[in-house]
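# Observations on the model geometry
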Amino acid sequence: MRVLILGGTGEARELARIASGERGLDIVSSLAGRVANPRLPVGPVRVGGFGGVEGLRTWLRENAIDAVVDATHPFAAQVSAHAATAADDLGLPAVHLRRPEWTQRRGDLWTRVPDLAAAAAALAPHHEQVLLTIGRQGVGAFAGCADHRFVIRSIDAPVAPLPPRCELLLARGPFTFDEELVLMSRHRIDVLVTKNSGGEQTEAKIAAARTAGLPVIMIDRPPLPPGAVSVGSVCAAVDWLRAAAAHAVR
Ligand code: NAP
């Protein structure tokens, strides 16, 4: 069974690694090409957008794909929607791999907001120093926030427009709890703005904010496409692939 894994996450790489060793599975991974020097999965990889739903449909057909695993980041809503539609149109089984969200614990001071614009609007006057960890895309939503000073952390530099007062920290996680605490203290951070990405790789900042008593503006995930089948772990995605492969040979 030929499988397309839409990637760009640690889970997608882990899934490609495990699934490549499974008999009867022929894996190809896809990356958007956003990061200059990406961590590559095991096995064949294609890079770049497909050209919308139509382009993805054509690519799936031309590459004789039998099943699709959307293992993209929980905030990559567009490609997830395209995957759901294209697979549905072609009658292919598809699953969305979504790691569990972070949930609020005792001591967390979260303000939950639905999107980037709402996160920018939720900044209060006393949030003078803002730690922004939303990735390089979407920073433009904060470009009008002239009353705040931003420390923007991302792997590659975000593209303009940027907030007028900002400092860029180009770094690739994971970061430890101690590193996050030092960062927050050194920059006298008043508030953390982050997406609810979930997962352990970037969770230390949430724990550090809790310990430091810092408020967090937490951006909720976009919903999965309507009717989407989802699993919450790489193991569950492997099980789903095994079941799809068994069904395909029947
Ligand atoms: P998006 O808004 O959902 O997708 C925008 C367009 O990028 C898609 O329509 C598609 O172009 C292309 N694309 C996205 N993921 C692709 C993939 N894996 N393979 C081929 N084309 C892809 O996605 P995004 O939020 O820009 O994220 C881009 C990539 O970065 C994803 O692979 C995601 O896993 C990774 N990532 C995103 C975030 C985040 O916060 N959004 C964080 C970490 C990693 P076409 O329409 O031309 O096919």
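Here the focus is the overall build of the chain. When helices and strands are tallied, the chain shows seven helices and twelve strands. A compact globule built from 250 residues would reach a C-alpha radius of gyration of about 18 Å, and the chain, at 19 Å, matches this within 12%. The principal-axis extents of the C-alpha atoms in the chain amount to approximately 60 × 35 × 30 Å. Relative to its 250 residues, the chain shows a buried fraction of 44%. Contacts spanning at least 24 positions in sequence make up 65% of the contacts within the chain whose residues lie at least 6 apart. When the accessible surface of the chain is split by element, carbon and sulfur atoms take 53% of a total near 12300 Å². Positive and negative side-chain charges of the chain, numbering 27 and 25 respectively, have mean locations separated by a distance of 2 Å.

So, on to the domain arrangement of the chain. You can read the domains of the chain as domain 1 (2–100 + 223–248) and domain 2 (109–219). Each partner contributes to the interface: domain 1 provides ten residues, whereas domain 2 provides twelve residues. Of the roughly 910 Å² buried between domain 1 and domain 2, counting both surfaces, carbon and sulfur atoms make up 47%. Of all residues in domain 1, Arg34, Arg39 and Phe75 bury the most surface against domain 2, accounting for 54% of the area lost on that side. Inspection of the region where domain 1 meets domain 2 yields zero salt bridges. At the surface where domain 1 touches domain 2, the tally comes to seven residue pairs in polar contact (both at pLDDT 80 or more). Each residue belonging to the side of domain 1 that touches domain 2 can be placed in one class, and the counts come to five nonpolar, two polar and three charged.

Among the 23 residues in the neighbourhood of the ligand, the closest are listed as Gly7, Ser30, Arg34, Phe50 and Lys195. One nitrogen or oxygen atom from the side chain of Ser30 is found 2.7 Å from a nitrogen atom belonging to the ligand. Contact distances for the ligand include 3.2 Å between an oxygen atom and a backbone N or O atom of Ala76. The fraction of the free accessible surface of the ligand (800 Å²) that becomes covered by protein chains is 81%.

What follows concerns the side chain of Arg98. Residue placement: Arg98 occurs in the loop between β5 (94–97) and β6 (109–113). At 3.3 Å, the side chain of Arg98 forms a polar contact with the backbone oxygen of Thr72. At 2.6 Å, the side chain of Arg98 forms a polar contact with the side chain of Ser80. Apart from residues lying up to four places away in sequence, Arg98 is in contact with Asp70, Thr72, His73, Pro74, Ser80, Arg221, Leu224, Val231 and Gly232.

On to the packing of aromatic side chains, then. All chains considered together, the criterion is met by two aromatic pairs. Taking the centre distance of 5.5 Å and the plane angle of 65° together, the rings of Phe50 and Trp59 count as edge-to-face. Of the residues examined, Trp59 reaches a relative accessible area of 16% and is grouped as buried. Between Phe142 and Phe150, the aromatic rings sit 5.8 Å apart at their centres with planes inclined by 65°, giving edge-to-face as the arrangement. Overall, Phe150 belongs to the buried group, its relative accessible area being 0%. Looking at Arg153, its charged tip hangs above the ring of Phe175, at a distance of 3.8 Å from the centre.

Strand order in this open sheet of six strands is β3-β2-β1-β4-β5-β12, and the pairing throughout is parallel. Each edge of the sheet is formed by a strand with only one pairing partner; in this case those strands are β3 (45–47) and β12 (230–231). Summarising the sheet, strand β1 (residues 2–6) and strand β4 (residues 67–70) pair through four bridges and their orientation is parallel. Following the sheet pairing, Ile5 is matched in β4 by Val69. Where helix α2 (residues 52–62) meets the sheet, its contacts fall on β1, β2 (26–31), β3 and β4, and the angle it forms with β1 comes to roughly 150°. Each of β1, β4 and β5 touches helix α3 (residues 77–90); the most contacted strand, β4, lies at about 165° to it.

About the thresholds
Residues numbered from 1 in each chain as written. Predicted model: local features only at pLDDT ≥ 70, side-chain atom pairs only at ≥ 80, totals over all residues. Heavy atoms only, no water. Helix = DSSP H or I, 4+ residues; strand = E, 2+ residues; numbered from the N terminus. Rg over C-alpha atoms; globule rule 2.2 N^0.38 Å. Buried < 20%, exposed > 50% of the residue type's maximum accessible area, 1.4 Å probe, protein only. Contact = heavy atoms within 4.5 Å. Areas by Shrake-Rupley, 256 points an atom, 1.4 Å probe, with all protein chains shown as cover. Lys, Arg positive; Asp, Glu negative; His and termini not counted. Charge placed at Lys NZ, Arg CZ, Asp CG, Glu CD. Domains from an automatic or database assignment. Buried area = accessible area lost by both parts, 1.4 Å probe. Salt bridge = Lys/Arg side-chain N within 4 Å of Asp/Glu carboxyl O. Polar contact = N/O pair within 3.5 Å; in protein donor to acceptor, adjacent residues only side chain to side chain. Nonpolar A, V, L, I, M, F, W, Y, C, P; charged D, E, K, R; others polar. Near = heavy atom within 4 Å. Phe/Tyr/Trp six-rings, centres within 6.5 Å; stacked < 30°, edge-to-face > 60°. Lys NZ or Arg CZ within 6 Å of the ring centre and 35° of its normal. Pairing = 2+ DSSP bridges. Axes fitted to C-alpha atoms, helices over the stretch in contact; angles between N-to-C directions.

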